[in-house]
Amino acid sequence: MSRPVTNLSAFDNAWYDPGRSLGVRLAWMALNRVFLQTWMPWPSTVKAGLLRWFGARIGKGVVLKNHISVKYPWNLTIGNDSWIGEGAWIDSLANVTIGSNACLSQGCMIETGNHDWSKPAFDLIVREVVVEDGAWAAVKSVLLPGSRLASHAILGAGSVLSGDTEPYGIYVGVPARKVKERNIDAAG
């Protein structure tokens, strides 16, 4: 009995619309490389201004460290006073919303695209990702398509999130599982 096999020659993502013309995407790729993907110490205000110019909605006081990458800024929203750490990758094929006072640490990856491994043509799947107010995605963590890191929740270092979390929960592992509650010392 023969089993179905993967056939990548049948892959077709013609249905996917990146949201801007090829010229705009090429311009963004070049400027992303010069201003965001570099170790040059461009001020966060310059990086935020560039992202806004390409359609991102960026709040006040956002810190954008060096060597980050944003796929499509027109699909990105970041609230006030949030931090994006060195080497963060925001693969915004779909909407990515990062709330206020949220933190993506070094090497964090937000993935909005994936493939349907159950289909022979390895069909493209895109789903939004949300990081709510006060949430923290720690170093080298990964948020997969459709993930929601709830208000003040933590995704531990190297953890992989697929799905929803609870507010103030601390999630670790691959796949990420809730291990305890986050308690913030109001006096501190």
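Further up the page is the structure itself.
Anyway, here's the lowdown on the structure attached to this text.

Thresholds applied
Residues numbered from 1 in each chain as written. Predicted model: local features only at pLDDT ≥ 70, side-chain atom pairs only at ≥ 80, totals over all residues. Heavy atoms only, no water. Helix = DSSP H or I, 4+ residues; strand = E, 2+ residues; numbered from the N terminus. Rg over C-alpha atoms; globule rule 2.2 N^0.38 Å. Buried < 20%, exposed > 50% of the residue type's maximum accessible area, 1.4 Å probe, protein only. Contact = heavy atoms within 4.5 Å. Areas by Shrake-Rupley, 256 points an atom, 1.4 Å probe, with all protein chains shown as cover. Lys, Arg positive; Asp, Glu negative; His and termini not counted. Charge placed at Lys NZ, Arg CZ, Asp CG, Glu CD. Phe/Tyr/Trp six-rings, centres within 6.5 Å; stacked < 30°, edge-to-face > 60°. Core = buried A, V, L, I, M, F, W, Y, C linked by side-chain atoms within 4.5 Å. Salt bridge = Lys/Arg side-chain N within 4 Å of Asp/Glu carboxyl O. Pairing = 2+ DSSP bridges. Axes fitted to C-alpha atoms, helices over the stretch in contact; angles between N-to-C directions. Parallel < 35°, antiparallel > 145°, perpendicular 65-115°, else oblique. Nonpolar A, V, L, I, M, F, W, Y, C, P; charged D, E, K, R; others polar.

**Things to note about the overall build of the chain**
When its secondary structure is counted, the chain shows two helices and 19 strands. Relative to a compact globule of 188 residues, whose C-alpha radius of gyration would be 16 Å, the chain shows 18 Å and is just as compact. With respect to the three principal axes, the spread of C-alpha positions in the chain is 65 × 45 × 25 Å. For the chain, with 188 residues in total, the buried portion stands at 42%. Excluding contacts between residues fewer than 6 apart, the proportion of contacts in the chain whose partners are at least 24 apart in sequence is 28%. As displayed, the chain has an accessible area near 10,100 Å², and 58% of this comes from carbon and sulfur atoms. Side-chain charges of the chain comprise 18 positive and 15 negative groups, with the mean position of each set lying 5 Å from the other.

**Regarding the packing of aromatic side chains**
Counted under the stated rule, the structure contains five aromatic pairs. Members of the aromatic cluster, connected to one another through ring pairs, are Trp28, Trp53 and Phe54.

**Side note on the environment of valine 130**
Topologically, valine 130 is positioned in strand S12 (residues 129–131). The sequence separation of valine 130 and threonine 165 amounts to 35 residues, and the corresponding C-alpha distance is 11 Å. When sequence neighbours within four positions are dropped, the list of residues in contact with valine 130 reads Thr97, Ser147, Arg148 and Leu149.

**With respect to the nonpolar core**
Grouped together as the largest cluster of nonpolar side chains are 40 residues, with contacts concentrated most on Leu76, Ile98, Leu104, Val131, Leu143 and Leu149. Those elements giving two or more residues to this core turn out to be helix H1 (22–36), helix H2 (44–53), strand S4 (76–78), strand S7 (96–98) and S12. If sequence neighbours within four positions are ignored, leucine 104 has contacts with Trp83, Ile84, Gly85, Ile90, Ile98, Ile110, Val131 and Ala137.

**Points about the pattern of salt bridges**
Evaluation of the coordinates by the stated rule reveals four salt bridges. One salt bridge in this structure joins glutamate 166 and lysine 178, with 2.8 Å as the shortest N-O distance. With glutamate 166 in the loop between strand S17 (160–161) and strand S18 (169–172) and lysine 178 in strand S19 (residues 177–181), the pair connects residues that are 12 residues apart, well separated along the chain. By relative accessible area, lysine 178 is classed as partly exposed at 33%. In this structure, glutamate 181 engages lysine 178 in a salt bridge whose closest nitrogen and oxygen atoms are separated by 2.3 Å.

**Thoughts on the sheet that holds S19**
Spatial ordering of the open sheet is given by S2-S5-S8-S13-S16-S18-S19, a layout of seven strands whose pairing is mixed. With one partner strand each, in any of the chains shown, strand S2 (63–64) and S19 form the two edges of the open sheet. Taken together, the two bridges between strand S16 (residues 154–155) and S18 define a ladder with parallel strand orientation. Counterpart to leucine 155 in the pairing with S18 is tyrosine 171.

**A short note on the pairing of S19**
By the criterion of burial, S19 is predominantly exposed, with just zero of the five residues buried. Of the strand pairs in this sheet, S18 and S19 are connected by four bridges, and their pairing is antiparallel. Following the sheet pairing, tyrosine 171 is matched in S19 by lysine 178. Between S18 and S19, which pair antiparallel one after the other, the connecting turn spans four residues, and glycine 173 there sits at a positive phi close to 100°.

**Structural notes on the packing of H1 against H2**
Packing of H1 against H2 leaves a shortest axis separation of 11 Å and a crossing angle of 170°. In terms of their interaxial angle, H1 and H2 are classed as roughly antiparallel. In contact with Trp28, Leu31, Phe35 and Leu36 of H1, H2 contributes Val46, Lys47, Leu50, Leu51 and Trp53. Within the contact of H1 with H2, the residues separate by chemical class into eight nonpolar, no polar and one charged.

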